[in-house]
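Commentary on secondary and tertiary structure
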Amino acid sequence: MKNKNITIWLTIVISILCIFFLTYTWKANSINDEATKFGTVNGKLVPAKRQAYIDSLWKENVFLGSTTEEVFRRQLQKGLDLQGGLHVILEVSPTEVIKSLSGNTTDPKFRQALANAQAAQATSNVSINQLFYNEYAKLGGKSLATIFANSTNRGKINYQSSDAEVKRMIDTEVEEAIDRSYKIIMSRVDKFGVANPVIQRIPGSGRIQVELPGIDNPERVKKLLTGAAKLEFCEVYEIQTYSAGLDQLGAYLTTKDLEEKIASKKVGTEAKADTSKGANSLESALAGKGKSSADSVQADSTSQVGLAKLFFPIGNGDLGVYVKDTAKVNELFRRPEVKTMFPNDLSFVYDVKAKAEAKGNKDFVEMYAVKRLPGGRAALDGDVMSDARQDFDDLRQVEVTMTMNPEGARKWKNITAANIGKRIAILLDNNVYSAPVVNGEIPNGRSNISGNFTVEEGQDLANVLKAGKLPAPTRIVEEAYVGPSLGKEAINQGYMSMLLGLGLVILFMILYYGNPGWVANVALLFNVFFIIGVLVQITAVLTLPGIAGIVLTLGMAVDANVLINERIKEEIKAGKGLLDAINLGYEKALSAIIDGNVTTILIGVILIIFSSGSVKGFGVTLCIGLITSVFTSVFISHVIMEWLAKRVIAAGNEKKMTFETFISKGLFANLNFDYIGKRKYSYWISWTLIALGFIAIFAKGGFNLGVDFKGGRSYVVQFNSPVESASVREVLSSNFKNNSLEVKTFDTDDKLKITTSYLVEDESIEASTVVKDALSAGLSNFSAKAPRIISESKVGATIADDILRTSFVSIFYSLVAIFLYVWLRFRKWQYSLGGVIALLHDALIVLGMVGICRVFGWALEVDQVFIAAVLTVIGYSINDTVVVFDRIREYLGPNPDLSNRPLMIETINRSINQTMSRTIMTATTVFLVVSVLLIFGGDVLRGFSFAMFVGCLIGTYSSIFVAAPIVVDFIKKKDVAVVAAVESSATKSGKKK
């Protein structure tokens, strides 16, 4: 074997890297276990106490020089479906921004155009901005400047501005509103104390995806995420104005600290008797007991020692608080006795950005004392803002300019006149983004904020200021909450499927190939190890469909070894020596292995591009698994196989390494079936299956679409004993006002999945509350069975249309990508067309079988995960088809004369017969793991595993009886008489044999 040493070294290096990165997962699990133990009180977990333990270690070095934060970031990330938590997709409403930019005009053509654009958006990929422009032009509206040249947009456009200039302004403002919302949401998520949150913009849309693992109060979080941004300007109290309050607070903290020591019996009983005399008496008691200097507190530094427990000075007279202590500080300032120490109008707030302490490498935040008017109001609210932008001063230093409307300018003049030489804090969502010093009275509402800004920091501040200018409300268009118990159940189902699937494939390879089967199994184990290791290294997220992708990869990964082993068997039968047969087997199988894997990787890439959440996780896992399987199956197994062969040869037992067992010996030998001659029968079988399937679909009124395709809300409810779905549905029907309601058993008979379209068009938080309250009221009739909601999800009607459209687009692109790749590799369009028609045939039969199952009472949901399975079937099927095409190419050469139909027919029949063992063996391994998924994967993966189950069978059939025959049918009939004679002869020959 060439490059054997490179393969060995690569294997060692990759293995070391995988082990290194996986150790972070081990350490993270260890910390989680310790946190759970710490947070368990009287046998019950207290989440806040558990989180406090993790927070206390967040910036501490705990493993290989890494902090707890870094350890958690580098561990194997689990999706929300495996660990529980909240997933939401927020949509920023561009229509509200456009309305506000127009000054909320009542122009009828403007209003109609905007309404038409919103209606058209449901079936269009064009942006809402462009749809509005198109609709406004259709209605014959006046120039856009007559609508948008108003006080809101002063300085940007005027009445003479062209439509193109106005459009650019609108597009810029809408994009900035989305970006502003994204940054505000990031800031809010940081306050939740969630480990490894995911916040990202969805490209090409005004949507923002947020995933928060471990959230146990989803309603509160959703309200915080969708609340309007609150921009405020507040006067800043300097420390000398409230230093007396800090002295009192310091003494209070010292007293509390000593009281806690006494309570924990760290001081003697005499000290306990003196607690009523205050901190000084406590000091005396401690000193009298002969305590060390470390335990004693000096009278004149009582307040400073107390304050030092939580605060430290950082300049400008302000205080700093370690991030890990902010929860304690917040609780402290909520205490009534502490509130009395400071002025009634004083409020403590934090800087939005944490800073790193130079010495201790700990993150801290600056704390400001700001002045509030009665009722907690700010001196000035942000709704007076007209504009804000990052700019440069005369010295080319970064500054931010802001402009206020007339009302704001008047108030701003009074505020700045009264605070010359003092600071004004700019707050967004009660966090300070900047606190510039007022240099003089500002009479016209136009201000310049200068400082040591970078360009990015200046842009961020301008965005913050503009948050108070235009309303860009966000609404939740998709949400899912998975309770921790359901996540744990999903993990158990996934791991069981993985282990059982792996065990069955290992057993099968040994029974079919003997010792060479062990070689394939070692490569398979390396593959699983590498998949998980790579997932950790690239910080990918492992989801339940992702686990299904690993399970599926197990079956598909041995495909390469099956192909290699079958090739080696052929070379041995042709008289080659063992080592030569092995090397030739690997060499000849390589092109088919690469082609088969590349076509399936194309499917995975399309899933990554067009899908989101758990389905994207499946695509990532599938791609990684296919890439690593090529390395392990082709290169690692080759090294092991060659080493094993040399040992056998050295022992004089070369003939014992036969690649066969008593089960496989002689199987599929001497096959000579006329597939091309019988193609009309296979066509009839295919058309009949497709027709029956779609008749069943139409008879049942279409597919049973999942929530992500039709919109609605779905809940998983756990009972303490079995419950009948029909009785629950009957009780709930009236609560949901006769809207679509589906109740079915989910996984076990004590668990139900309840889906409804009630208030699906209303995407407000209030609507979700109304629906959930209706559900809870209905479930109260079953209180004896203790129902509890362990999972919930919602998909808005608009995003459901987008998901459905995107799913079909992804199927279309998959077929196009495979057509082009096969054409590139085989240089003839007939191969591409035959392959694509066979794939379309497979997809239609899989969909049709869903309809047939529904006729017999098994209503499978067609959702994103199901479509992912259909795409995977396409990838699997073309994998099989490419192997046949590869053998045909081997016999005919890269540029065959396809007009020679007799030669093509003979070659295709021979190629299918010779690759039959490989086709059936691959189908068997995939069939084994898919069957495991179907049985043990749970209801979440039921549709996926069923689609793969059917697709495995149909894909194998189409590779043999559909793809290659269609290639023949699209070849030009150069000599009809000769063709007829050859086909007739082939048919008779087939009958005789």
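Described in the following lines is the structure provided in the data block. (Residues numbered from 1 in each chain as written. Predicted model: local features only at pLDDT ≥ 70, side-chain atom pairs only at ≥ 80, totals over all residues. Heavy atoms only, no water.)

Some points on the sheet that holds strand β8 (residues 207-213)
- The 8 strands lie next to each other as β7-β8-β6-β21-β26-β23-β25-β24, forming an open sheet whose pairing is antiparallel. Edge positions in the sheet fall to β7 (198-202) and β24 (741-746), since each has one partner strand and no second. On average, each strand axis in the sheet is inclined to that of its neighbour by 20°, with strand direction left out of account.
- As paired elements, strand β23 (residues 712-718) and strand β25 (residues 748-756) share 6 bridges and run antiparallel to each other. Following the sheet pairing, R713 is matched in β25 by T756.
- This element, helix α10 (residues 218-226), spans β6 (85-92), β8, β21 (474-482) and β26 (788-795) of the sheet and lies at about 25° to β6.
- Sitting on the sheet, helix α27 (residues 765-779) touches β21, β23, β25 and β26, and the angle it makes with β23 is about 40°. (Pairing = 2+ DSSP bridges. Helix = DSSP H or I, 4+ residues; strand = E, 2+ residues; numbered from the N terminus. Axes fitted to C-alpha atoms, helices over the stretch in contact; angles between N-to-C directions. Contact = heavy atoms within 4.5 Å.)

A look at the packing of helix α30 (residues 864-892) against helix α32 (residues 916-936)
- Packing of α30 against α32 brings their axes to within 10 Å, and their N-to-C directions diverge by 160°. Looking at the two axes, α30 sits roughly antiparallel to α32. Once α30 is placed against α32, the crossing between them reads as right-handed. Together, Y876, N879, D880 and V883 of α30 and R918, T919, T922, A923 and V926 of α32 make up the contact between the two elements. (Parallel < 35°, antiparallel > 145°, perpendicular 65-115°, else oblique. Left-handed = near helix turned anticlockwise from the far one by under 90°.)

Points about the nonpolar core
- In this structure, F866 and F944 are the most contacted members of the largest nonpolar core, which totals 110 residues.
- Examining the composition of this core, we find that 16 residues originate from one element, α30, more than from any other.
- Excluding anything up to four places from it in sequence, F866 contacts V846, L847, V850, E861, G943 and A947. (Core = buried A, V, L, I, M, F, W, Y, C linked by side-chain atoms within 4.5 Å. Buried < 20%, exposed > 50% of the residue type's maximum accessible area, 1.4 Å probe, protein only.)

Quick look at the environment of R825
- Relative to the helices and strands, R825 resides in helix α28 (residues 797-826).
- Looking at R825, the relative accessible area reads 31%, which means it is partly exposed.
- Placed 57 residues apart in sequence, R825 and V882 show a C-alpha to C-alpha distance of 9.9 Å.
- Setting aside residues no more than four positions away along its own chain, R825 makes contact with S591, D595 and R889.

Some words on the environment of P436
- Here P436 shows up in the loop between β19 (431-434) and β20 (446-450).
- As for P436 and A425, which are separated by 11 residues in sequence, their C-alpha atoms are 6.9 Å apart.
- Beyond its immediate chain neighbours, meaning those up to four positions away, P436 contacts K422, R423, I424, I426 and I449.

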